[in-house]
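Notes for the structure review
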Amino acid sequence: MSMSAEQMSSGYKQLGYLSGVGVLDSTELRQAREAFAQLERKFGTDYTKYSLHNVHLQYDWVMGLVRHPRVLEVVRAVLGPDVLLLDSRFICKYPVSRGNGGADVIPYDNEPAGQEFNREEGTEKAGLPFVAWHQDMRYWGLDGGPVLSVWLALDDSLEDNGALQVIPGSHCSGLLPHCQSQRHGNMLSVNQEIPEELVQTDKAVLCPLLAGQMSVHDGLLVHASDPNMSDRRRCGFVIRYVPTCAYPIQDPDRPRRFPATLVVSGTDQYGHFSNSTEPQL
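The following paragraphs examine the structure supplied in this document.

Criteria and thresholds
- Residues numbered from 1 in each chain as written.
- Predicted model: local features only at pLDDT ≥ 70, side-chain atom pairs only at ≥ 80, totals over all residues.
- Heavy atoms only, no water.
- Helix = DSSP H or I, 4+ residues; strand = E, 2+ residues; numbered from the N terminus.
- Buried < 20%, exposed > 50% of the residue type's maximum accessible area, 1.4 Å probe, protein only.
- Contact = heavy atoms within 4.5 Å.
- 1 Å grid on protein atoms, 1.4 Å probe; cavity = no way out; pocket = protein on both sides within 12 Å on 5 of 7 lines; lining within 4 Å.
- Points joined across faces, edges and corners; volume = space filled by probe spheres on them.
- Nonpolar A, V, L, I, M, F, W, Y, C, P; charged D, E, K, R; others polar.
- Pairing = 2+ DSSP bridges.
- Axes fitted to C-alpha atoms, helices over the stretch in contact; angles between N-to-C directions.
- Polar contact = N/O pair within 3.5 Å; in protein donor to acceptor, adjacent residues only side chain to side chain.
- Salt bridge = Lys/Arg side-chain N within 4 Å of Asp/Glu carboxyl O.
- Core = buried A, V, L, I, M, F, W, Y, C linked by side-chain atoms within 4.5 Å.

**Things to note about the overall build of the chain**
- Along its length, the chain carries five helices and 14 strands.
- Of all 281 residues assigned to the chain, the portion counted as buried reaches 51%.
- Once local pairs closer than 6 in sequence are excluded, the contacts in the chain between residues at least 24 apart make up 84%.

**What to know about the layout of surface pockets**
- When its volume is computed, the largest pocket comes out at roughly 600 Å³.
- As for the largest pocket, its lining consists of 31 residues, and the residues nearest its centre are Tyr50, His134, Asp136, Leu188 and Arg240.
- If you tally residues by element for the lining of the largest pocket, the top one is strand E2 (residues 83-93), at five residues.
- Residues that form the lining of the largest pocket fall into these classes: 13 nonpolar, eight polar and 10 charged.

**Quick look at empty space enclosed by the protein**
- This model, assessed by the stated rule, comprises one cavity of 30 Å³ or more.
- The volume enclosed by the largest cavity comes to roughly 30 Å³.
- Forming the walls of the largest cavity are Lys93, Tyr94, Val96, Leu128, Pro129 and Asn228.
- A per-class count over the lining of the largest cavity returns four nonpolar, one polar and one charged.

**What about the sheet that holds strand E5 (residues 148-153)?**
- With antiparallel pairing, six strands are arranged side by side in an open sheet as E1-E10-E5-E12-E2-E14. Two strands close off the open sheet at either side, each with one partner strand: strand E1 (17-22) and strand E14 (262-265). Here the average twist between neighbouring strands, direction ignored, is 30°.
- Note: E1 against strand E10 (residues 213-218), four bridges, orientation antiparallel. Opposite glycine 22, over in E10, you have glutamine 213 as the bridge partner.
- The sheet strands contacting helix H1 (residues 5-15) are E1, E5 and E10, and the helix crosses E1 at an angle near 140°.

**A look at the side chain of histidine 171**
- Take histidine 171: it is sitting in the loop between strand E6 (164-166) and strand E7 (179-180).
- Note on histidine 171: relative accessible area 12%, which makes it buried.
- Among the polar contacts listed, one links the side chain of histidine 171 to the backbone oxygen of lysine 13, at a separation of 2.9 Å.
- Sequence-distant contacts of histidine 171, that is, excluding residues within four places in its chain, are made with Tyr12, Lys13, Gln14, Leu15, Gly16, Asp218, Leu220 and Leu221.

**Points about the pattern of salt bridges**
- For the structure on display, the rule yields seven salt bridges.
- For the salt bridge of aspartate 136 with arginine 240, the shortest nitrogen-to-oxygen distance reads 2.9 Å. Of the two residues, aspartate 136 sits in the loop between strand E3 (131-134) and strand E4 (142-143) while arginine 240 sits in strand E12 (residues 234-243), which places them 104 residues apart along the sequence. A single burial state applies to aspartate 136 and to arginine 240, both of which are buried.
- A single salt-bridge network, built from bridges that share partners, covers Arg33, Glu40, Asp155 and Arg233.

**Focus on the nonpolar core**
- Residues Phe36, Val150, Met214 and Tyr241 are the most contacted members of the largest nonpolar core, which totals 41 residues.
- Ranked by the residues each element gives to this core, the list is headed by helix H5 (residues 69-79), at six residues.
- Methionine 214 has contacts with Ser19, Gly20, Val21, Val23, Arg70, Val71, Val74, Val150, Trp151, Leu152 and Leu209, leaving out every residue within four places of it along the chain.
- Of all hydrophobic cores here, the second largest spans 22 residues; its members include Leu142, Val147, Val238 and Val242.

**Quick notes on the environment of valine 78**
- Its location among the elements puts valine 78 in helix H5.
- Separated by 70 residues in the primary sequence, valine 78 and leucine 148 have C-alpha atoms spaced 8.4 Å apart.
- In contact with valine 78, other than residues within four places in its own chain, are Tyr12 and Leu148.

Honestly, that's just the spatial picture; any functional story needs more than this.
What follows is the structure, encoded as structure tokens:
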């Protein structure tokens, strides 16, 4: 997708998201996947599926992703020139293996899309990891500016392996109530979801990505993703950005610490996050 900054800003403001944005070239993608495979071998997939949190502070190659020129080009088009990296996390949905129902290490060179795992008719999704309908801002104690979330795909993210789904324009509805989810397998840390009667699922749009592409969405956009029903991993790097005018608030319903913030574009004249540092040029 090739769009001007004005087109990106306008489309994002109207819909609450952009998708299919090319970021990594073939060399960058191969290097990132190889580096992530090393982390899988070191820590195991039970850890790498959700626990690689704010590792941009530990690994140069991850820092390179949060500061990637193409990522920041899109982020600046939406948030303006002065931008703070708020948080980062790798999220992986591993396939259920054929033999033992577990999730073994999946090599970085996964099978290409389209080679589906043939399951028996009637196989239940119950208990498989999924992400319930929610808004990111439900989990972030922030005010003074929007939160923009990036999903940078290390693998193809398609319908069969649980690609992102969004409700276009739902970011204009404000923060919706969230309740405890009754379904098993919800990957959200506090197991919440928006009540189904408040989600216009008939308007849901799938946001498929090829490896190396990204989507971005507003912190108030209602979104979700289904279980991975394929035999391929779905791994992505989630990065949260805010304009430097944003600030943390004390909200008992949204407790959150921000220990890994970093100025990635422009300057921070506010200093709302005490640990933030200016980019090294």
